[in-house]
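Residue-level listing of the chains:
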Amino acid sequence: MTARIIDGKAIAAELRARVADEVARVKREHGLTPGLAVVLVGHDPASEVYVRSKHTQTQAAGMASFEHRLPADVSQDDLLKLIGTLNADPAVHGILVQLPLPKSLDTETVINAIDPAKDVDGLHPNNAGRLAGGLAALSPCTPLGCIILTKSVHSSLEGMNAVVIGRSNLVGRPLLQLLLNENATVTIAHSRSRDLAQLCARADLVYAAVGRAEMVRGDWIKPGATVIDVGINRVPAADGKSRLVGDVAFAEALPVAGHLTPVPGGVGPMTVACLMFNTLQAARRASGLAVTAAD
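Residues numbered from 1 in each chain as written. Predicted model: local features only at pLDDT ≥ 70, side-chain atom pairs only at ≥ 80, totals over all residues. Heavy atoms only, no water.

If you trace the six strands from one edge of the open sheet to the other, you get β1-β11-β8-β7-β5-β6, paired in parallel fashion. Across the chains shown, the open sheet's two edge strands, defined by having one partner strand only, are β1 (4-5) and β6 (185-189). As paired strands, strand β8 (residues 226-229) and strand β11 (residues 259-260) are joined by two bridges and run parallel to one another. Note that in β11 the partner of T226 across the bridge is H259. Sheet strands touched by helix α7 (residues 172-181): β5 (161-165), β6 and β7 (205-208). Its angle to β6, the strand with the most contacts, is close to 170 degrees. (Pairing = 2+ DSSP bridges. Helix = DSSP H or I, 4+ residues; strand = E, 2+ residues; numbered from the N terminus. Contact = heavy atoms within 4.5 Å. Axes fitted to C-alpha atoms, helices over the stretch in contact; angles between N-to-C directions.)

Here it is as structure tokens:
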């Protein structure tokens, strides 16, 4: 058996196309143009790449894109003042502060300052709490992308055994809640978990989001399981340069798993696509329009 590769690029493109169609419709029928504001502090090269991608995709979807680039030494008060201005701007439906922030800024305070209704990254405690309670909320983009990828293989996750490796607030914890909302049976594992290989061996769905290169080995995986690799790790390559690998040993998992996401080209493209979806949802809620499902 060889696993079928889950094409995150293609699935993300389908989601972006659906979002663009819906943006065009709400513009035409309601005069509504969803707007996304992205705040970048400093000049981190990886963050700048992400922000450019978000700007390009926002415009491609027909949305309004607002970029705010601030120096690395910006004061916390000035950053919070900008967030307050964006919170009050009716043209802005989504606000994303690109992480990580410089160490001089308190990330929790900054995230908490964002209007929960505009928190398209899904990190505000209000959204996290609503998600934990099974209520409607803006969900973090990467976990939402993981669910969409999984449901491209399984129309229903009800009753399936899932293991989530990693308990971060960005991925592991919200992914746990999203899986529970799909009626899956979920185990969340982490660096202190015992017998991690045995936990994975019983799982129909494996989500690796621990940030350790190729930690999940092929012999950990239940034959036929669906494996979603969230990790992005740069390791040395044979030519002296470097290459990207996930948290799953891809070559080992390939002959065992039923379905498997690659790195790159799996979860990564879904994150920005889900950001576009969340911005559309936030705009619809702000205008009193019904929201739709992402999958």
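This next bit is on the packing of helix α2 (residues 45-60) against helix α10 (residues 267-286). Interaxial distance between α2 and α10 falls to 10 Å at its minimum, and their mutual angle equals 50 degrees. Relative to α10, the element α2 lies oblique. Considering only the axes of α2 and α10, their crossing is right-handed. Between α2 and α10, the contacting residues are S53, K54, Q57 and T58 on the first element and V272, A273, L275 and M276 on the second. Within the contact of α2 with α10, the residues separate by chemical class into four nonpolar, three polar and one charged. (Parallel < 35°, antiparallel > 145°, perpendicular 65-115°, else oblique. Left-handed = near helix turned anticlockwise from the far one by under 90°. Nonpolar A, V, L, I, M, F, W, Y, C, P; charged D, E, K, R; others polar.)

Below, the discussion takes up the layout of surface pockets. Roughly 1,200 Å³ of volume is contained in the largest pocket. Looking at the lining of the largest pocket, the elements with two or more residues in it are α2, β4 (94-97), α6 (141-151), β9 (233-236) and α10. It is α2 that contributes the most residues to the lining of the largest pocket, seven residues altogether. Across the lining of the largest pocket, the residue classes break down as 25 nonpolar, 13 polar and seven charged. (1 Å grid on protein atoms, 1.4 Å probe; cavity = no way out; pocket = protein on both sides within 12 Å on 5 of 7 lines; lining within 4 Å. Points joined across faces, edges and corners; volume = space filled by probe spheres on them.)

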